[in-house]
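A look at the structure
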Amino acid sequence: MSKVYVITSGKGGVGKTTTTANLGVGLAMRGKKVVLVDTDTGLRNLDLLLGLENRIMYDLIDVAEGRVPYKKALVRHKKYETLFLLPTSQVKDKTSVNPEQLVKLCEDLRKEFDYILIDCPAGIEQGFKTAIAAADTAIVVTMPEISAVRDADKIIGELSRAEKEDIKLIVNRIRPQMVESGDMLDMNDINDILSIDCIGQVPDDEMVVTSTNKGEPCITMEHSLAGQAYRNIVGRICGEDIPFMEFPKEGFFQRLKRRVFGA
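Just so you know, these numbers come straight off a predicted model, no measurement behind them.

Overview of the state of the cysteines
Tallied over the entire structure, the rule returns zero disulfides. You can see C218 has no disulfide; the closest cysteine sulfur is in C198, sitting 16 Å from it. Using a relative accessible area of 0% as the deciding quantity, one classes C218 as buried.

This is how it looks when you write it as structure tokens:
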């Protein structure tokens, strides 16, 4: 049975599109048939991360408005034959597709694909409401910073109001040294605030920048720590029991309490 995931975040720049690309490639590496749907209309970047920017002829808006069937708009990945991208427009805005149109599209895609991953715009405006409409599971991406976690909490509330019950968490760009020094939230802090099931803890990794510029997600890079973290996430999505990478345990709130109160 096919599954529809929406990858979302409250704050922009936390690695939502990077996560979408890596999970899509990782699932395809396991032989799953995957389609990535970019709904960040006007600001599309998923094609760049996959190295497919020069192969786009039609987009999500063309499909939604009935100008072409979705199969004509799909772009097959150059390396992974079971991975496809449905790009969006760079010139339209996020109101160009409504929730009903995306639900209908996903119903059609379910007949052909094992996994449908929807790259959601940041924030809680109409683009967000459209992107989450068809999702079975929402993956919230955040960073271990107060502002990003607060925005993630807001997104989780909006998902709950939209009656999305299966909500997962990925924490991106973790810097162990900053966690250890008390300058970055640790997982205990984040879990206390958000209280949802975490399926991924991704360390900050310079190879992510390299992979982005090359259009080759870091999940394919054997020596990338972030790539290993994404491979672990894919395994968990596929039902495997995989332990998390080890990070320092004492976090920001605990250290603040100790410094102020001598605890």
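Let's talk about the environment of N232
The residue N232 is located in helix α11 (residues 225–237) in this model. A sequence separation of 11 residues divides N232 from P243, and the C-alpha atoms of the two residues are 8.3 Å apart. Not counting residues within four places of it along the chain, the set of residues in contact with N232 comprises I242, P243 and M245.

Points about the environment of E145
Its place among the elements puts E145 in the loop between β6 (137–142) and α7 (146–161). Owing to a relative accessible area of 31%, E145 belongs among the partly exposed residues under this scheme. Separated by 29 residues in the primary sequence, E145 and I174 have C-alpha atoms spaced 9.5 Å apart.

Here's the deal with the nonpolar core
The biggest cluster of nonpolar side chains holds 46 residues, and the ones touching the most others in it are V37, I116 and I118. Considering every element that reaches this core, the biggest residue donor is α7, with five residues. Beyond its immediate chain neighbours, meaning those up to four positions away, I116 contacts K3, V4, Y5, V35, V37, C106, L109 and R110. Listed in part, the 37 residues of the second largest apolar core include A21, L52, L117 and I237.

Definitions and cut-offs
Residues numbered from 1 in each chain as written. Predicted model: local features only at pLDDT ≥ 70, side-chain atom pairs only at ≥ 80, totals over all residues. Heavy atoms only, no water. Disulfide = S-S within 2.5 Å. Buried < 20%, exposed > 50% of the residue type's maximum accessible area, 1.4 Å probe, protein only. Helix = DSSP H or I, 4+ residues; strand = E, 2+ residues; numbered from the N terminus. Contact = heavy atoms within 4.5 Å. Core = buried A, V, L, I, M, F, W, Y, C linked by side-chain atoms within 4.5 Å.

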